[in-house]
Amino acid sequence: MEIKKDIFTDLDAYTPDEAILASNTSSLSITDIAAVTDRPDQVVGMHFFNPPVKMDLVEVIYGDETSDETATAAYEFVEAIDKTPIYVRKDVNGFVVNSVLGPFGDEAGWMVSEDAATIEAVDAAMVHRRGYPMGPFELGDLTGIDIGYHVRKEAGKDVPPVVEAQVEAEELGRKTGKGYYEYEDGEGTTYEAGQGEGVDTLRIESRIVNEAAKLIGDEVATADAIDTGMKLGAGFPEGPCRRADKTGLDTILEKLETLYEEYDHERYEPSEHLRELVAAGHTGEDAGQGFYDYGSDGERHYSAIEYDLSEDGLLAVTLDRPERLNALNEDLMDEVVHLLDAVDTDEVRAVTFEGAGDRAFSAGADITGFSGIEPHENEPTEFFRAVDEYPRPTLAKIDGFCLGGGHELALACDLRIATESSEFGFPEIDLGLLPGGGGTQRAIRMLSEARAKELVFRGNRIDAERAESWGLINRAVPEAEFEATVEAFLDDLISGPPVALRKAKRVMNRGRDQDLDAGLEMEAQAFGHLLGTEDMEEGAAAFMEDREPEFEGR
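Residues numbered from 1 in each chain as written. Predicted model: local features only at pLDDT ≥ 70, side-chain atom pairs only at ≥ 80, totals over all residues. Heavy atoms only, no water.

So, the overall build of the protein
Convention followed: In this description a helix means any DSSP run of H or I spanning at least four residues, a strand means any run of E spanning at least two, and both kinds are numbered starting from the N terminus. The quantity called the radius of gyration is restricted to C-alpha atoms. Its globule counterpart is 2.2 Å times the number of residues to the power 0.38. Buried, partly exposed and exposed residues are distinguished by accessible area as a fraction of the type maximum, computed with a 1.4 Å probe on protein chains only: under 20%, between the cut-offs, and over 50%, respectively. Method for areas: the Shrake-Rupley scheme with a 1.4 Å probe, in which residue coverage is limited to the protein chains shown. None of His or the chain ends enter the tally, which takes Lys and Arg as positive and Asp and Glu as negative. Every charge is mapped to an atom, namely NZ of Lys, CZ of Arg, CG of Asp or CD of Glu.
Helix and strand counts for the protein stand at 23 helices and 14 strands. Here the protein has a C-alpha radius of gyration of 27 Å; the compact-globule value for 554 residues is 24 Å, and the two agree. Each of the 554 residues in the protein was classed as buried or not, and the buried ones make up 49%. On the protein, roughly 27,100 Å² of surface is accessible, and the fraction owed to carbon and sulfur atoms is 47%. Charged side chains in the protein number 50 positive and 119 negative. The centres of these two groups are separated by 4 Å.

Shown next as structure tokens:
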């Protein structure tokens with residue numbers, strides 16, 4: 001801290017009066033740093049996560065005197081360099097991500113210290129049952145056991161005996177060759193799926209949720225900011241607030257109260273905000289409100305997608321899980337189905353799907369999101385069917401990986417435009433699976449039998465140029481031409497006759513599964529219906545008058 005204060009004293013003296021002074025720190029107080037300057041309102045924290053070239057998250061942290069103008073400028077700067085900012089509106093120890101992440105390792109340490117579980121069992125449970133990218137002890141070895149130890153000590157928190165023992169033995173993780181696991185002569189982590197079946201994962205997750213609730217109740221951060229931070233900064237499979245809403249906040253509260261009664265320690269004391277939510281009946285998704293408001297009358301909070309319905313009728317849907325390469329999970333698929341069902345179809349002329357970030361349309365299904373699902377419970381086809389049968393033209397904007405379930409989503413759309421650098425494939429066969437969202441059936445109807453079977457049987461990727469030549473996509477274009485090409489397609493879809501487009505889509509989709517005579521009969525019936533529409537009259541009049549038609553969907 002003294003070094004940091006010296007630097008900011010000099011910065012205050014030598015920089016222009018209007019300059020904003022920002023510190024990249026994960027733990028030092030922004031308020032204390034700002035206190036050595038004559039411009040504390042212009043000092044802000046900007047915590048870049050390591051390694052910053054790969055990590056998308058930046059925490060924008062208020063000191064006690066940081067102005068909204070300063071924080072907003074920092075936030076906008078982060079967005080300008082294509083990273084994702086979250087506000088930390090109070091200068092609390094650990095800010096957001098480290099505060100919420102703390103119990104992940106801390107509670108695991110207490111459980112092992114009490115012989116309630118083994119190191120391998122906890123790691124196996126959190127990875128294979130709950131979908132976290134690493135187990136808490138594996139993570140401790142990676143970051144350095146002494147780092148977590150000193151952070152707890154400086155914060156005045158008790159340290160689990162299992163952590164104390166590692167520090168005393170100077171076995172601090174990968175950097176010393178040994179920590180909770182052996183790295184010099186051993187293979188490192190040794191846990192396997194199935195080892196953690198008896199581990200009480202709710203004990204760990206309840207404490208994580210409680211920390212999040214404290215931050216929300218103290219107005220440090222919103223639930224959405226916390227969830228974004230934990231997904232981007234810690235690799236959580238889903239935000240803790242969203243997961244808690246699905247688990248039930250009453251279940252979380254009951255678990256904490258049981259632990260508090262058993263151990264009589266403040267780390268288990270439920271936050272006031274959590275108690276208030278449960279007392280108000282806001283226990284989560286099933287109740288219609290928890291950390292998030294799931295609304296009524298067709299409205300709800302979406303955590304895995306973003307959407308915008310423009311005045312001209314374009315419904316633009318973004319798969320918003322860039323930290324997982326926009327992999328499909330239960331939330332994302334359910335939210336897309338809900339959106340397509342809830343939006344007023346009369347207000348929609350066309351729909352686009354694209355992936356957030358710059359790496360993937362969608363890299364497939366998030367395997368961790370389907371852990372614990374029994375075979376008879378697997379019904380992902382509802383999602384793909386909703387896209388396929390939506391009564392407006394749909395277009396997949398593909399930039400990057402388009403694999404597995406993401407590929408199946410693209411095939412469920414009516415049209416597909418991709419950048420030349422995009423890649424396509426069905427890698428499911430390498431997992432002992434097959435494309436389960438209609439991929440086998442749509443591919444074999446779009447492609448020759450040989451090409452469809454090559455894609456499915458071999459599991460190999462093909463580039464956009466080959467995908468176009470095979471007829472899998474409509475266009476493969478250079479990145480510089482991508483948006484213009486998409487716009488050209490959308491101009492025709494949005495300005496086109498809604499009734500005729502709906503009929504054409506329905507006849508073509510249903511007719512492909514019929515014999516020719518049945519398909520022709522469907523086509524004739526649709527044609528006859530369209531002859532009596534106002535759009536047909538407008539189209540004919542515009543043709544005769546040599547002008548662009550203005551279709552109203554009647």
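Once you've had a look at it, read on.
Side note on the environment of Val163
What counts here: The criterion used for residue contact is that any of the two residues' heavy atoms lie within 4.5 Å.
Summarising the element assignment, Val163 is placed in helix H8 (residues 161–168). Using a relative accessible area of 4% as the deciding quantity, one classes Val163 as buried. Separated by 334 residues in sequence, Val163 and Pro497 place their C-alpha atoms 67 Å apart. Other than its neighbours up to four places away in sequence, Val163 contacts Ile145, Tyr149, Arg152 and Tyr180.

Here we look at the pairing of strand S3 (residues 57–62)
Under the convention used in this document: Should DSSP find at least two bridges between two strands, the strands are regarded as paired. Looking down the strands as they point away from the viewer, one classifies a crossover as right-handed if the path from the first strand across the helix to the second runs clockwise.
Of all the six residues making up S3, six are buried; the element is thus mostly covered by neighbouring parts of the structure. Neither face of S3 is open: one carries Leu57, Glu59 and Ile61, the other Val58, Val60 and Tyr62, and all of them are buried. Strand direction decides the pairing type here: strand S2 (residues 43–48) and S3, joined by five bridges, are antiparallel. Among the inter-strand pairings, His47 is bridged to a residue of S3, identified as Glu59. One ladder, built from five bridges, connects S3 with strand S4 (residues 84–88); its direction is parallel. Bridged to Val60 within S4 is Tyr87. Handedness of the crossover is the feature at issue here: the chain leaves S3, passes through helix H3 (residues 68–80), returns alongside S4, and the resulting connection is right-handed.

As for the packing of aromatic side chains
Counted only if it meets this: Each Phe, Tyr or Trp ring, with Trp reduced to its six-membered ring, pairs with another whose centre is within 6.5 Å; inter-plane angles below 30 degrees give stacked pairs, above 60 give edge-to-face pairs, and intermediate values give tilted ones. Over a ring means this: the NZ of a Lys or the CZ of an Arg is within 6 Å of the ring centre and within 35 degrees of the ring normal.
Enumeration according to the criterion identifies 10 aromatic pairs in this entry. Taken together, the ring pairs connect Tyr62, Tyr75 and Tyr87 into an aromatic cluster. Note that Arg207 overlies the ring of Tyr268, its terminal NZ or CZ placed 5.9 Å from the centroid. One residue, Arg267, lies across the ring of Trp110, its end atom 4.0 Å from the ring centre.

Topic: the nonpolar core
Rules: Buried Ala, Val, Leu, Ile, Met, Phe, Trp, Tyr and Cys residues form a nonpolar core when they are joined through side-chain atoms within 4.5 Å.
Counting 70 residues, the largest nonpolar core has Val122, Phe137, Ile226 and Phe291 as its most contacted members. Setting aside chain neighbours within four positions, we find Phe291 in contact with Val209, Ala213, Ile216, Ala223, Cys241, Ala244, Asp245, Leu249, His273 and Leu277. Counting residues in each nonpolar core, the second largest holds 45 residues, with Val348, Ile398, Phe424 and Val456 among its members.

Brief notes about a negative patch on the surface
Stated formally: Patches here are clusters of residues that have more than 30% relative accessible area and form no salt bridge, with a 9 Å joining cutoff for like charges and a 5 Å cutoff for nonpolar side chains (Val, Leu, Ile, Met, Phe, Trp, Tyr). Here, a salt bridge means any Lys or Arg side-chain nitrogen found within 4 Å of an Asp or Glu carboxyl oxygen.
On the surface, a cluster of negative charge is contributed by Asp32, Asp41, Asp64, Glu65, Asp68 and Glu69. Note on placement: Asp64 falls in the loop between S3 and H3. Exposure remark for Asp64: the relative accessible area of 63% places this residue in the exposed category.

A few points about the sheet that holds strand S6 (residues 314–319)
Cut-off, in case you're wondering: A fitted line through C-alpha atoms serves as each axis, taken over the contacting stretch for helices, and the angle formed by two N-to-C directions is quoted from 0 to 180°.
Sheet architecture is open: six strands sit in the order S5-S6-S7-S9-S11-S14, paired in mixed fashion. Each end of this open sheet is capped by a strand with a single partner; those strands are strand S5 (305–309) and strand S14 (475–477). Averaged over all adjacent pairs, the angle separating strand axes in this sheet is 15 degrees, with direction ignored. Judged from the three bridges that link them, strand S11 (residues 415–419) and S14 form a sheet pairing that is parallel. Bridge pairing in S14 places Ile417 opposite Arg475. Helix H20 (residues 479–495) contacts S6, strand S7 (350–355), strand S9 (394–398), S11 and S14 of the sheet and is inclined by roughly 165 degrees relative to S11.

With respect to a nonpolar patch on the surface
Nonpolar side chains collect at one region of the surface, where Ile3, Ile7 and Leu11 lie side by side and expose about 280 Å² of accessible area between them. Position of Leu11 relative to the elements: it lies in helix H1 (residues 2–14).

A short note on the side chain of Asp227
Which entries qualify depends on this criterion: Any N or O atom pair separated by 3.5 Å or less is treated as a polar contact, with the protein-specific requirement of one donor-capable and one acceptor-capable atom, and with residues adjacent in sequence counted only for side-chain atom pairs.
Considering the arrangement of structural elements, one finds Asp227 in helix H10 (residues 223–234). A distance of 2.6 Å separates polar atoms of two side chains, one belonging to Asp227 and the other to Tyr292. Residues in contact with Asp227, not counting those within four places in the same chain, are Gly239, Pro240, Cys241, Arg242 and Tyr292.

Just distances and angles here, no functional claims.
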